[in-house]
Structure formats: structure tokens, C-alpha cells
Amino acid sequence: MVAEIVAIGTELLMGQIANTDAQVLSRRLQSLGISVYYHTTVGDNPARMRETLVLALSRSDIVITTGGLGPTQDDLSKETAAELLHLPMVYDEASWRAIQDYFAKMGRVCPLSNRKQALFPAGSIILPNACGTAPGCMIERDGKTVVQLPGPPHEMADMFERQVYPRLAARMGGCIASRYIRIYGMGESQVAQLCANYIEGDGEVTVAPYCQVGECQLRVSAKADSERDALDKLRPVVDALKRILGESVYAVTDTSESSMEEAAGRALTERGLSVATAESCTGGLVAAKLVNYPGISAALGEAHVTYANEAKIKYCGVSPETLRAHGAVSEQTAREMAQGLRQRSGADIAVATTGIAGPDGGTKEKPVGLVYVACADAQGVRVERLTLRGDRARIRELAALRALDMIRRAAIAADERQEAKPRKEKDNGIR
């Protein structure tokens, strides 16, 4: 089956918000074996909405719209679909009560204008909204299926996952399962070269590379009658790719949305380790990314933004002599930042960043993009010198990514040392 995703909203065309709905829907439809051939975005204009839906219905079996289900006069998704399919709009009392209950739970009075959201094309399957006021609907007519979902991503995702996905899965009678191999420290071209036999293969399991800022990933997919059977098919391929790529693989996940911050947070919390951060050029970005991981409060004790030399001295114990001799952006300063912070905070792991993110401030000796990242643990201090390219935001992002990877690796190494210690003591006892 062929699907088309139509995002409705002038705010999307103006660039005020990003269309993340289409990304989520494409991934989930692909897992069902439904091909997405088109992504279309149209503003809140009745004539253009009608033209867009006419074209979508002419070339796709399933048309999924997002947005346009609100209570205002320009929210016309359901009305437009009803007109094209020659269906009258009918009122649903249960939906109106649910909308009123939603407002009551928030301690607010429900405006009468929201009653518009309880109108649906006749004969449609009503999709209640557990996260907001806008219910959706699913219309089947003349061999076509139109699914209308709300625009806010959390509302859309919840409605699709709970109510639409099971209905489409029952219709398709099969399942495509995917696993995502997350790779850091190896470029896309090198990954593609090493894994060429799998990427270019035409077997039951497909492998596709994707590039992201600072890292890349491989999507491994297989189709079978059930998810379990599909996973059984792809598991040997995932294992083989992990052996080929080695330590560059930092995670294998069931979605493409996992990240290095999640891997670092998990590495710390699962091992009961603590971390502290001192950031100059990244300005708190490393700490902010760690905080995105639920439960990081068990690991992250301190986070300092040490832009000024005085802050590096005060919070990290950097020697003034080091700053005078080598400057704030130097291997020596980064080393003392991480080492001093670990000693003062008592954290198991301390990470520090210092560099020149630009666009100004660079010199011939220390150009824009020069960053030092240091990580201190019980074994000492490791400092990495990075020469990064791009604008200020990209340089900060790449530096933070390296810091997170160093935290992750330090946590794993600490765990391995802990496991190795009892075995060594036992061997000594035997001898």
C-alpha cells in the first residue's frame, strides 16, 4: 500500500515549527510495510487544502493528515475531507463530553467554540484524544483511507500508536522490524566501505546508512509475519555489523531517536557512578544534554559554566600560572579543569571543555574550532584535541558530543575494572 502524509498548518510553511509528525509517521508506517511516497505541507487555506487532498487521494491508498482539527474557523481538515468524499458532518455527543471533561480537569471553562471539534464526517471511526481536546477520525470510502490526526506531536503520536497503528497492522497482515546501530568516531564513508557487503546485499535483511551531526547510524530491517520472526532474521546481521565496526558502536536501539546523551546517562546510572562538568566553550550544553536523560539526578552532582579564567580557578582549581603560560584554550588548562573539578566535587568522573567556538576570537596558532575536551577518573586524565569546522552552534554540538562519549567510555571502563578486580584477587588466593 502507498501512503501520503499531508501536514496542515501555515506555521509549518513559515518555518515557525518543524514537521516532526511526518518523521514519526513515516517510521511507523515503514514498520508495517506501507510505503510513504510523498510528504506534503499545505497552509490553512481551504482552496489549497482541497487541491492537496484531491491530489493525495488520486495517487495514494492511505492519506494521513496532521493538524487542522482545532476549534477555530481556519481548522478545516475534517470539513474538507468530508466535502471531497461527499459525506455530511455529524455531531458526536460523546466527543463533546470528553472535550468538556478535559477542560474541567484543567480547572477551566470549556468555550462553546470547541464544540466544533465534536463534528465528524458521517460514518468515520472517531479517534478519542487522550492528550488534548482535538479528536481525530479514520474514514474509509471507495477503497481509500483518510486518517486525520491532531498536529501537536505528543497528541498525534499517542493517537496513532494506540488507535491507528493496530488497525493498519491488522489490515497489512505482516510486520517489518528494525534495529538502529548507532556509531560514533567513524565517518559515514568508512562505515559504508566496511559494511558494503551488507548495505549492497539483496537478501531478506536490508541495511541502510544515515548520517547525523557528528555520528552516523545503520538501519537494519527485516519483514516477517510477526515482529519476533522479523527480529530473529535481522539479529545475526546486527551482530555481524557490530563485530565489523567494533568500539565505534555505542548503542543498538529499536528507534532512530536514541542519542549519545542517553548512552552516557545510562552508562552512569546503571553503574551507580557520579559525574561533574566544567564547561567553557560549550556553555553548559554537556550538562543540559545529560539532564535530558531521566534519572540523571542520581549521577550528575555539579555542573559549572567556567567561561572566565576566574571561574576556572575558583571551581576547578586551575593554576593561574598555567593560564598565563598556556592560555585558557590549551591541553594543560583542560587537564587541570577536569582533574581539579573531580578532586573538589568528589565525583567519579569529571569532564571539562575549553575552546574557541567562534565566529571570532581565533588566531593562527589557535583557530576557531580548536577545542580541548578532558575527562578525569580514577585512572587519571585523558585530553583530546579537536579541530572542528562549522558555525558556532555546530562546533559546540560536536564538542559536547565528544565529551558525552568520553563520559560513556569512562563509565564502562570503570565497570570493567570493578569486575576484573575480584577475579584477580581470587587468582592470587589460589596461587
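For the structure itself, look to the data block above.
Report on the accompanying structure. All figures in this text were calculated on a predicted structure; none of them were measured in a lab.

### A look at the sheet that holds strand β11 (residues 215-224)
Logical step 1: Pairing is antiparallel in the open sheet, where four strands are placed in the order β10-β11-β9-β12. Pairing within the sheet leaves two strands with one partner each, and these edge strands are β10 (205-212) and β12 (249-253). Each adjacent strand pair in this sheet contributes to an overall mean axis angle of 20 degrees, direction not counted.
Logical step 2: Here strand β9 (residues 175-184) pairs with β12 via four bridges, running antiparallel. Its bridge partner lying in β12, Y180 is registered against T253.
Logical step 3: Against the sheet, helix α9 (residues 227-245) touches β9, β10, β11 and β12, its axis set at about 150 degrees to β11.

### Some words on the side chain of K116
Logical step 1: Among the secondary structure elements, K116 is positioned in the loop between α5 (93-105) and β5 (119-121).
Logical step 2: K116 gets classed as buried once you look at its relative accessible area, which sits at 17%.
Logical step 3: If we ignore the near neighbours within four places in the chain, the residues touching K116 are G70, P71, T72, D75, K78 and E79.

### What about helix α3 (residues 46-59)?
Logical step 1: When the terminal C-alpha atoms of α3 are compared, their 20 Å separation across 14 residues agrees well with the 20 Å that a helix rising 1.5 Å per residue should span.
Logical step 2: Here α3 has its buried residues at M49, T52, L53, A56 and L57. An end-on view of α3 places all buried positions within 125 degrees of arc, on one side of the element. Opposite the buried face of α3, by more than 90 degrees, sit the exposed residues E51 and S58.
Logical step 3: Each element contacted by the buried residues of α3 is listed here: β1 (2-8), β2 (35-42), β3 (62-66), α4 (77-84) and β8 (144-149).
Logical step 4: With a side-chain oxygen positioned 3.2 Å from the backbone nitrogen of A47, the residue opening α3 is N45.

About the cut-offs
- In this convention, every chain numbers its residues from 1, walking through the sequence in written order.
- At least 70 in pLDDT is required for a residue's local features to be given in this predicted model, at least 80 for side-chain atom pairs to be given and counted, and no such filter applies to totals for whole chains, interfaces and linings, which use all residues.
- Hydrogens and water molecules were not included; the side-chain quantities draw on all heavy atoms of the structure.
- One bridge is not enough; two strands pair if DSSP finds at least two bridges between them.
- By the criteria applied, helices consist of DSSP H or I runs no shorter than four residues and strands consist of E runs no shorter than two, each listed in order from the N terminus.
- Fitting a line to C-alpha atoms yields each axis, with helices limited to the stretch in contact; the angle taken between N-to-C directions then spans 0 to 180 degrees.
- Should any heavy atoms of two residues lie within 4.5 Å, those residues are considered in contact.
- Exposed residues in this analysis have more than 50% of their type's maximum accessible area, buried residues have under 20%, and partly exposed residues fall in between, with area computed by a 1.4 Å probe over protein chains only.
- Working rule for helices: expected span equals 1.5 Å times residues minus one.
- In this description, the arc belongs to the directions extending from the helix axis to the C-beta atoms.
- Pairs of N or O atoms are called polar contacts if they sit within 3.5 Å, as long as, within protein, a hydrogen donor faces a hydrogen acceptor (for residues adjacent in sequence, only side-chain-to-side-chain pairs).

On their own, these measurements won't tell you what the molecule is for.
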